[in-house]
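Topology and contacts: notes
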Amino acid sequence: MHAMPNRRGRLAVLGLLLAACAPKPVTTVVPPTMDPVKIDRPPIAVPTPPPEKSPQPAPSEASRRGLMPLASTGVWAFRQAHPTYDGRGVLIGILDSGIDPSIPGLGSTPTGGHKILDLRDFSGEGKVPLAVVTPKGDQVTVGATTLRGFRRVAGFNAAGPYYAGVIREVALGELPAADLNWDGNNTDELPIVVTKASDGWILFADTNGDGSLEDEKGIHDFLVARETFGWSTGGRASPLHAAANFGEEAGAPTLDIFFDTSGHGSHVSGIASGYSMYGVQGFDGVAPGAQLIGLKIANNAYGGISMTGTMRRALAYAIEFAKKRGLPLVLNMSFGVGNEKEGTARIDAVLDSALAANPDVTFVTSAGNDGPGISTMGFPATANRVITVGATYPPAFSGGVAGDVTAFFSSRGGEVAKPDLLAPGLAYSTVPRWDAGSEIKSGTSMASPHMAGAVALLVSGARQEKRTVSAEQIKRALLATARPVPGDRFIDDGAGVADLVAAERALKSFPAQALMRARVVGAPGPAVFRVKTPGVAIDSLAVVEVEGGFPGPVRLTSESPWLVVPNMLQHQPPKARFPLTLRPGLLTEPGLFSALVTGWSSDTSVGPLFRVVATVVVTSPLGDSGLTVRAALPAGGLKRIFFAADSARPFRVIASSGAKAERVLAFLHEPGGQPDRTENGKPGGFGEEAAVYDVDGRDVMAGVYEVIAVAAPAEAASAVVVVDQSPVRMDAKRVYKDSVVATVSNRSRGSVSGTVKLGVVGGERTQVFSQRGGAERRVAFHAPAWANHLVADLQMPRDAWPLFTDFGFTLEDATGQIIAKQPLNYSFGRLSADLPAATKDRELVMVLTPAFADPDAAQLWTGQLSIRLYAETPVLVEPAGPSEFTTARGGSATVAFKLPASPWALPDAFFPLGSLVIEVNGASWGREVPLPQASGPIMK
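Not measured: the values here are computed from a predicted model.

Rules of the game
- Residues numbered from 1 in each chain as written.
- Predicted model: local features only at pLDDT ≥ 70, side-chain atom pairs only at ≥ 80, totals over all residues.
- Heavy atoms only, no water.
- Helix = DSSP H or I, 4+ residues; strand = E, 2+ residues; numbered from the N terminus.
- Rg over C-alpha atoms; globule rule 2.2 N^0.38 Å.
- Buried < 20%, exposed > 50% of the residue type's maximum accessible area, 1.4 Å probe, protein only.
- Contact = heavy atoms within 4.5 Å.
- Areas by Shrake-Rupley, 256 points an atom, 1.4 Å probe, with all protein chains shown as cover.
- Lys, Arg positive; Asp, Glu negative; His and termini not counted.
- Charge placed at Lys NZ, Arg CZ, Asp CG, Glu CD.
- Pairing = 2+ DSSP bridges.
- Axes fitted to C-alpha atoms, helices over the stretch in contact; angles between N-to-C directions.
- Expected span 1.5 Å × (residues − 1).
- Core = buried A, V, L, I, M, F, W, Y, C linked by side-chain atoms within 4.5 Å.
- Left-handed = near helix turned anticlockwise from the far one by under 90°.
- Nonpolar A, V, L, I, M, F, W, Y, C, P; charged D, E, K, R; others polar.
- Phe/Tyr/Trp six-rings, centres within 6.5 Å; stacked < 30°, edge-to-face > 60°.
- Lys NZ or Arg CZ within 6 Å of the ring centre and 35° of its normal.
- Salt bridge = Lys/Arg side-chain N within 4 Å of Asp/Glu carboxyl O.
- Parallel < 35°, antiparallel > 145°, perpendicular 65-115°, else oblique.
- Polar contact = N/O pair within 3.5 Å; in protein donor to acceptor, adjacent residues only side chain to side chain.

Quick notes on the overall build of the protein chain
Each helix and strand counted, the protein chain has 12 helices and 54 strands in total. In terms of overall dimensions, the protein chain is globule-like: its C-alpha atoms have a radius of gyration of 29 Å, near the 30 Å expected for 940 residues. With the principal axes as the frame, the protein chain shows a C-alpha extent of 85 × 80 × 50 Å. The buried share among the 940 residues of the protein chain stands at 61%. Long-range pairs, those at least 24 residues apart, make up 76% of the contacts in the protein chain between residues at least 6 apart in sequence. Split by element, the accessible area of the protein chain, about 34200 Å² in all, is 52% carbon and sulfur. One way to put it: in the protein chain the 85 positive side-chain charges average out to a point 5 Å from where the 89 negative ones average out.

Overview of unusual backbone geometry
The omega angle of the peptide bond from glycine 160 to proline 161 is 5°, so this bond is cis rather than trans. Its location among the elements puts proline 161 in the loop between helix H4 (151–154) and strand E6 (162–168). The linkage connecting glycine 371 with the following residue, proline 372, adopts the cis geometry, with an omega of 5°. Within the element layout of this structure, proline 372 appears in the loop between strand E17 (362–366) and strand E18 (378–379).

Here's the deal with the sheet that holds strand E52 (residues 892–898)
Taken in spatial order, the 3 strands of this open sheet run E41-E42-E52, and their pairing is antiparallel. Each edge of the open sheet is held by one strand with a lone partner, namely strand E41 (728–736) and E52. Going from strand to strand, the sheet's axes swing by 20° on average, the running direction of each strand aside. With 8 bridges connecting them, E41 and strand E42 (residues 739–746) associate as antiparallel partners. Each residue of the ladder has a partner; that of arginine 734, found in E42, is valine 740.

Some details on the environment of glycine 184
Here glycine 184 is to be found in the loop between E6 and strand E7 (189–197). Here glycine 184 falls in the exposed class, since its relative accessible area comes to 57%. Glycine 184 sits 49 residues away from threonine 233 along the chain, and the two C-alpha atoms are 9.6 Å apart. When neighbours within four sequence positions are excluded, glycine 184 is seen to be in contact with Leu175 and Asp179.

Details of the sheet that holds strand E47 (residues 818–821)
With antiparallel pairing, 4 strands are arranged side by side in an open sheet as E44-E49-E46-E47. Lying at the two open borders of the sheet, with one neighbouring strand each, are strand E44 (777–783) and E47. For this sheet the average axis-to-axis angle between neighbouring strands, irrespective of direction, equals 20°. When strand E46 (residues 804–813) meets E47, the two strands line up antiparallel, connected through 3 bridges. Paired with glutamate 812 across the bridge in E47 is isoleucine 818.

Regarding helix H8 (residues 346–357)
Residues lying three or four places apart along an α-helix face the same way, a consequence of the helix completing one turn every 3.6 residues. The terminal C-alpha atoms of H8, which comprises 12 residues, lie 17 Å apart, in line with the 16 Å expected from a rise of 1.5 Å per residue. Listed in full, the buried residues belonging to H8 are Ile347, Asp348, Val350, Leu351, Asp352, Ala354 and Leu355. Contacts from the buried residues of H8 go to helix H7 (310–325), E17, E18 and E46.

A few points about the nonpolar core
Counting 88 residues, the largest nonpolar core has Leu790 and Met846 as the members making the most contacts within it. If we skip the residues at most four places from it in the chain, leucine 790 touches Phe781, Leu811, Leu831, Ser832, Ala833, Leu835, Met846, Ile867, Arg868 and Leu869. In this structure, Val286, Leu458, Ala482 and Leu500 belong to the second largest nonpolar core, which totals 71 residues.

A closer look at the packing of helix H6 (residues 264–273) against helix H9 (residues 444–464)
Closest axis-to-axis distance for the H6/H9 pair is 8 Å, and the angle between their directions is 35°. Two packed elements cross with a definite hand, and for H6 against H9 that hand is right-handed. Where H6 approaches H9, its residues His264, His267, Val268, Ile271 and Ala272 are matched on the opposing element by Ser445, Met446, Pro449, His450 and Gly453. Looking at side-chain class alone, the contact of H6 with H9 contains 5 nonpolar, 5 polar and no charged residues.

Some thoughts on the packing of aromatic side chains
Using the criterion set out here, one finds 27 aromatic pairs in the structure. Between the aromatic rings of phenylalanine 150 and tyrosine 162, the centroid separation amounts to 4.9 Å while the plane-to-plane angle is 90°, which identifies the pairing as edge-to-face. Within this pair, whereas phenylalanine 150 is found in the loop between strand E5 (145–147) and H4, its partner tyrosine 162 is found in strand E6, the two being separated by 12 residues in sequence. An identical accessibility class is assigned to phenylalanine 150 and tyrosine 162; each is buried. Through a chain of ring-to-ring contacts, three or more aromatic side chains come together here, namely Phe379, Phe769, Trp801, Phe804, Phe807, Phe852 and Trp861. In this structure, arginine 652 is placed above the aromatic ring of tryptophan 925, and the distance from its NZ or CZ to the ring centre is 4.4 Å. Positioned over the ring face of phenylalanine 828 is arginine 677, at 3.9 Å from the centre of the ring.

Concerning the pairing of strand E53 (residues 911–920)
For E53, the tally of buried residues reaches 10 of 10 residues, placing the bulk of the element in the interior. As paired strands, strand E43 (residues 752–772) and E53 are joined by 9 bridges and run antiparallel to one another. In the strand pairing of E53, lysine 757 is matched with valine 917. Note that E53 and strand E54 (residues 923–930) share 8 bridges and pair antiparallel. By the bridge assignment for E54, glycine 914 is matched with valine 929. Turn length for the E53-E54 hairpin, with the two strands adjacent in sequence and antiparallel, is 2 residues, and the turn residue asparagine 921 shows positive phi of about 50°.

Looking at the pattern of salt bridges
Scanning the model with the defined rule gives 47 salt bridges in all. In this structure, lysine 418 engages aspartate 420 in a salt bridge whose closest nitrogen and oxygen atoms are separated by 2.9 Å. Like lysine 418, the residue aspartate 420 is buried in the burial classification. The closest approach of N and O atoms between arginine 519 and glutamate 545, which form a salt bridge, is 3.5 Å. Of the two residues, arginine 519 is situated in strand E24 (residues 517–520) and glutamate 545 in strand E26 (residues 541–547); the sequence distance between them amounts to 26 residues. Given a relative accessible area of 32%, arginine 519 falls into the partly exposed group. Overall, the relative accessible area of 10% leaves glutamate 545 in the buried class. Among the ionic contacts, a cluster of salt bridges with common partners joins Glu670, Arg677, Arg698, Asp699, Glu764, Asp793, Arg830, Arg868 and Glu928.

Here we look at the packing of H9 against helix H12 (residues 500–509)
In a packed pair of helices, the relevant descriptors are the angle between the two axes and the axis-to-axis distance. As a packed pair, H9 and H12 sit with axes 11 Å apart at the nearest point and diverge in direction by 40°. Classified by the angle between their axes, H9 and H12 sit oblique to one another. In the packing of H9 onto H12, the handedness of the crossing is right-handed. Across the interface between the two elements, Ala454, Leu457 and Leu458 of H9 pack against Leu500, Ala503 and Glu504 of H12. Class assignment for the residues of the contact of H9 with H12 results in 5 nonpolar, no polar and 1 charged.

Focus on the side chain of serine 594
With respect to the helices and strands, the residue serine 594 is situated in strand E31 (residues 591–600). Only 3.5 Å separates the side chain of serine 594 from the backbone oxygen of alanine 614, close enough to count as a polar contact. Side-chain polar atoms of serine 594 contact the side chain of threonine 615, separated by 3.0 Å. The residues touching serine 594, leaving out its near neighbours within four places in the chain, are Arg489, Ile491, Glu559, Trp562, Val613, Ala614 and Thr615.

Here it is, written out as structure tokens:
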């Protein structure tokens, strides 16, 4: 989801422990540092740029080099053929982190109209609590600040009343985005004064920092006057511009300040509809003639998280706004949160219902950036009626490759028949002044607005030709004419890369009949998903149900012999059904099998009437000797390996290249698709430069894991992947005050002998809680001076996750400064942080911010929070007897340890945190073990 902060890796802890207690040196392979492609996860969360950014080309150079890629999807050819079909007459709604309206390129359309029609904050991040203030002469005190020049305010309303409030920079997150006045810190409290003028509420702010309102302009609600403002210090231009959103309650004003302290929404807006970006003539986004409405749904300080009900309220506002103005509406949501049960999210149902009621509204959303693992499609990308867009590396960014290559980070389908289409996932676009140097961003966040702009072009053309088109027809035309990426499956690229020119031709020829929809009975959509493990039979039969307008006989086709369907679909109003049969006997080799079933009318030029996707995973056997797979990867190609794991049984994955000059990327996905919870996407070189995933026994889930080796977009590579599993399951429990018993259970096919070691690495606190609704929860705790690293895990029931749209997980100090943020992407989330160096103890707060899809949600939900504090060096625990063990097949053994007094003073509610290490045949396996006080008699 969001950028992972620095962490002390499990390999490092394990290495320190082994060094402390092993009689001989142990070598640990540590993966090299990499400079990853910048991926925002979810897409609206962009990490704060580092102090020194990589050089970016000037806008004129970016235009010349085609870094706003418009060719591969046919956008450039379409606009050359139809100069006025540039999006004019169409409104694009940007549900995102905000838009900075001061950026050159977001000010006007080619015809001179206003580019941005409205800016509305639904997140509450910019809410300014207001209270009545009374001026004294020509001065007024707001918070700790006294402002001169109050006669400027009184000139608009001599009688009052007057209201005031402050914006606290610290609440807006880290530098540089939170430094609203650009004075080098985020600790300012900026005063705002509000009164009611003859034409509505207005605000005054000391934007130049001179302590006076005398020279300040009154700012109205953006919808009233399209006015914006920004703060600055020392005469420099403001780092960002903001807009005012006024409301009124019982005659008193309410105020939200709309701003983009992420940069993400502004970047997305330029892709969708930028015009003459940065003042460079001809440097445009996809639909420069379209107008925009900015709908802020994200709290940027907490990692770009949506808030309870923000998506629903923003959606309703945009639909009503467009209706009142008679404008066709295209909505873009570059956002994605991981599914636990794909296709069941509440927000998916909300969107499908709203789009069914408004068939002329097209909703485009990003697939998510959790690829390349299968079943990683986020919500709301799994909604049926939206256009879900995955990402490609366009030729301008892929190192000379002629065609588009599916981006490794683009989320894949499996349990659902998604994505729908692909579009360029990298672009140079508009960013606020504070984000200068980050004009190039990547992710499916960038692919989605490209497609939204393309839809706006189609709608603009139809509108000027006085043709009526529905969102369903547009989607079908795009799918029917897209170009598949060679070697990809539907769950990788959907129908393929969009072709706007071909889509326009198809859209004109589509019959007016109702469209057909298919779904698999018992599933949320048109997808069948099975996992085949050795010796276990799979359900080989599914039933597909089809409804909608039948154009006559429907011919069924399957693209693979292991996927069997009847030749024809018989019409049985109002719905028809047909069996879909898998042939497991043809699925013997380990790997991924995925194929399409399509339904066709006699007119094949309009593409398939419907699609059904079947996917089968065949796991590789993982015996005592582990698993080694070698593969030759074409440029951008990948190799998938699936294997079953046991809970509490550590395993290790090593992925390397087959030659010194080659490199691969290695990914690990947990059962269900979630990316590895520590750090996913590691570079693998030759030999000791291999990528290593050393999965601690505490983290291992029972189920099927997926390992993927990926070649760079422009370079073929050979890959060697080794999966090795501990021969034993591991656990340890504190049975008395100072006694710990470690248990090893033999899971191999023969006897196992080895040595058990135990160390204390820090302290842990675990808390289980429950609450109703989306109220923020703050958990305070004490971090002692010896703690230099923190890891926090948050777990909730998987069944509860579909009710949410997000969940913020943020670490703050006592002053409100954010130390780390790692919002949940799934029902499990992990936050890691190196704690700031200090000579005294400090108080910290874990902030939990649940976000439900429904604004009035009052569901009861539960969570378990584990906070672990790590010391710099582990402390060895002496065994109470022999530390060696031998177990027969299926047997178990125990080793006792005498737990010493804690070497560190543990904070209240914390107990010792242990690290268990078992050495077998020269290999070391680890599992972190919580050691809470045992019940029962106490040994003295």
